[in-house]
Amino acid sequence: MSVPLRSGLVVAHYGRGWAVEDEQGDIFLCHALRRVPVPCVGDRVRWEQTDPGHGRIVEVLPRKTLLTRPGRGGRLRPVAANLDQVLIVIAPEPPYDLLLVDQYLVVCENHDLTPLIVVNKIDLLDPARRQRLNDDLAPYRALYPVLEVSAKTGLGITALRDALKDKASMFAGQSGVGKSSLLRTLIPDRDVRIGELSATTRRGRHTTTTAMLFHLPEGGILIDTPGVAVFGLAGIDFRQLAHGYREFRPYIPRCRFNDCRHVDDLGCAVRKAVEQGEISQARYRRYLKLLGKLPEIS
Ligand SMILES: Nc1nc2c(ncn2[C@@H]2O[C@H](COP(=O)(O)OP(=O)(O)OP(=O)(O)O)[C@@H](O)[C@H]2O)c(=O)[nH]1
Ligand SMILES: [Mg+2]
Ligand SMILES: [Zn+2]
């Protein structure tokens, strides 16, 4: 006798299993049939119960978007599915790395994900740091929403809440920028504790060790991730890299050669725009650095 399949949402991934939430909000620890694509957080699945609290995923429903990262043997591993937007979190402490920010932005631009830049720990800004932050972020403010917040004082949290409402969002950013702290200001305490309990491992107490999905009280979902460069530039070629620098786009069709890499190529309109101050030099320098990191043949 076959058991009817149930609908579920993958809310976490542990070593060998996935936590699947059913329509009542109950969680089941599941494994996946070998023939299904490797599930990830945010996946809508069809599954069947095998034992109390346990089950097996038999189908992963088609994904609206899929974020991947490099895995073992050069293969891409799924990170999160069905996202609308990525919140790239930086803070005055630990010092931010704009190359990493650009890398996240390039990935978002090439995966149909809306990026938002969130500057947390704004309470730590003294006038000198404020000046530096403003200078650094000027090219970004012209391209993307930038939200300034403090998980500690609550500053800017209402605007953040509004930006998340009814969307599927994920945090990305270095360890220690305050992603989990922000999550705690947005989600009822009870839900966060349950999530953390089920993610308990032998590693650091506060550091997030696995991507985990939470429901926002106002509607929408938010995925907290561990603070590592989760996506890298896997699967991005030089054209996608340039496309990921949004401000380059109007110039790219005007380059003389259609395989222009915008370095020292003859008749490069992007480079000319940099020289004429129409494109930020700092962003262009970071583009060159990331270009240098791509595999030779791309
Ligand atoms: N001053 C200040 N400290 C903050 C703020 N937000 C978080 N912190 C502190 O920053 C530290 C790291 O916060 P977490 O929320 O664990 O950072 P995370 O980004 O989740 O780190 P990982 O899970 O390792 O990726 C903690 O000691 C927090 O108390 C803030 O707005 N202001
Ligand atoms: Mg965390
Ligand atoms: Zn060019």
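Residues numbered from 1 in each chain as written. Chains lettered and ligands numbered in written order. Predicted model: local features only at pLDDT ≥ 70, side-chain atom pairs only at ≥ 80, totals over all residues. Heavy atoms only, no water.

Taking an unreviewed UniProt entry as the reference, the protein chain is identified by name as Small ribosomal subunit biogenesis GTPase RsgA belonging to Methylomarinovum caldicuralii. On record in UniProt, under Subcellular location (unreviewed entry), the comment for the protein chain is "Cytoplasm". UniProt, in the comment section headed Subunit (unreviewed entry), describes the protein chain in these words: "Monomer. Associates with 30S ribosomal subunit, binds 16S rRNA." (UniProt positions renumbered as here; feature names shortened; annotations may be inferred.)

A few words on the overall build of the protein chain. The helix and strand inventory of the protein chain stands at eight helices and 13 strands. When burial is assessed residue by residue, the protein chain has 47% of its 298 residues classed as buried. Taking contacts inside the protein chain between residues at least 6 apart in sequence as the whole, the part at least 24 apart equals 63%. Here the protein chain has roughly 15,400 Å² of accessible surface; of this, 51% comes from carbon and sulfur atoms. (Helix = DSSP H or I, 4+ residues; strand = E, 2+ residues; numbered from the N terminus. Buried < 20%, exposed > 50% of the residue type's maximum accessible area, 1.4 Å probe, protein only. Contact = heavy atoms within 4.5 Å. Areas by Shrake-Rupley, 256 points an atom, 1.4 Å probe, with all protein chains shown as cover.)

Glancing now at the UniProt feature "binding site: Zn(2+)" (unreviewed entry) in the protein chain. The sites that carry the UniProt feature "binding site: Zn(2+)" (unreviewed entry) are, in the present numbering, Cys-255, Cys-260, His-262 and Cys-268. Turning to its location among the elements, Cys-255 is positioned in the loop between helix H6 (238-244) and helix H7 (269-275). Contact partners of Cys-255, with chain neighbours within four places excluded, come to Cys-260, His-262, Gly-267, Cys-268, Ala-269 and Val-270. According to the relative accessible area criterion, Cys-268 is buried, its value standing at 8%.

Take Ser-150: it is sitting in the loop between strand E10 (146-148) and helix H3 (157-164). Under the relative-accessibility criterion, Ser-150 is labelled buried at 0%. Beyond its immediate sequence surroundings of up to four residues, Ser-150 is in contact with Asn-120, Lys-121, Ile-122, Asp-123, Leu-155 and Ile-157.

Let us now look at the coordination of the zinc ion (ligand 3). The protein atoms that coordinate the zinc ion (ligand 3) are Cys-255 (SG), Cys-260 (SG), His-262 (ND1) and Cys-268 (SG), at distances of 2.1 to 2.4 Å. Around the zinc ion (ligand 3) sit four donor atoms; with metal-centred angles ranging over 105 to 116 degrees, the donor geometry is tetrahedral. Counting along the primary sequence, the residues that act as donors to the zinc ion (ligand 3) give the motif C-x4-C-x1-H-x5-C. As far as burial versus exposure is concerned, Cys-260 and His-262 are alike and both buried. (Donors = N, O, S within 2.8 Å, 3.2 Å for Na, K, Ca; no water. Tetrahedral: all angles 85-135°; square planar, octahedral: opposite > 155°, others 65-115°.)

A separate point is the pattern of salt bridges. One pass over the structure, following the stated rule, counts 15 salt bridges. For Glu-48, the salt bridge is made with Arg-56, and the minimal N-O distance between the two is 2.8 Å. (Salt bridge = Lys/Arg side-chain N within 4 Å of Asp/Glu carboxyl O.)

Moving on: the packing of helix H1 (residues 98-110) against helix H8 (residues 281-293). At their nearest, the axes of H1 and H8 sit 10 Å apart, and the two run at 75 degrees to each other. The angle between H1 and H8 falls in the class roughly perpendicular. Contact residues: Leu-98, Leu-99, Asp-102, Gln-103 and Leu-105 in H1; Arg-283, Arg-286, Lys-289, Leu-290 and Lys-293 in H8. Residue composition of the contact of H1 with H8, grouped by class: four nonpolar, one polar and five charged. (Axes fitted to C-alpha atoms, helices over the stretch in contact; angles between N-to-C directions. Parallel < 35°, antiparallel > 145°, perpendicular 65-115°, else oblique. Nonpolar A, V, L, I, M, F, W, Y, C, P; charged D, E, K, R; others polar.)

For the rest of this paragraph, the subject is the site of ligand 1. Around ligand 1 sit 19 residues in total, of which Asp-123, Ser-175, Lys-179, Ser-181 and Gly-227 are the nearest. Interatomic distance of 2.5 Å between a side-chain N/O atom of Ser-175 and an oxygen atom of ligand 1. Between ligand 1 and the protein, one listed contact pairs an oxygen atom with a backbone N or O atom of Gly-178 at 3.0 Å. Look at ligand 1: alone it shows 650 Å² of surface, and the protein chains cover 77% of it. In terms of residue class, the shell around ligand 1 is made up of four nonpolar, eleven polar and four charged. (Near = heavy atom within 4 Å. Polar contact = N/O pair within 3.5 Å; in protein donor to acceptor, adjacent residues only side chain to side chain.)

This part takes up empty space enclosed by the protein. For the structure on display, the rule yields one cavity of 30 Å³ or more. Of the voids in this model, the largest cavity is the one considered here, and its volume is about 30 Å³. If you go around the largest cavity, the residues you meet are Ile-88, Val-89, Ile-90, Asp-97, Leu-100, Val-101, Tyr-104, Gly-173 and Gln-174. The set of elements that each furnish at least two residues to the lining of the largest cavity consists of strand E8 (85-90) and H1. Each residue belonging to the lining of the largest cavity can be placed in one class, and the counts come to six nonpolar, two polar and one charged. (1 Å grid on protein atoms, 1.4 Å probe; cavity = no way out; pocket = protein on both sides within 12 Å on 5 of 7 lines; lining within 4 Å. Points joined across faces, edges and corners; volume = space filled by probe spheres on them.)

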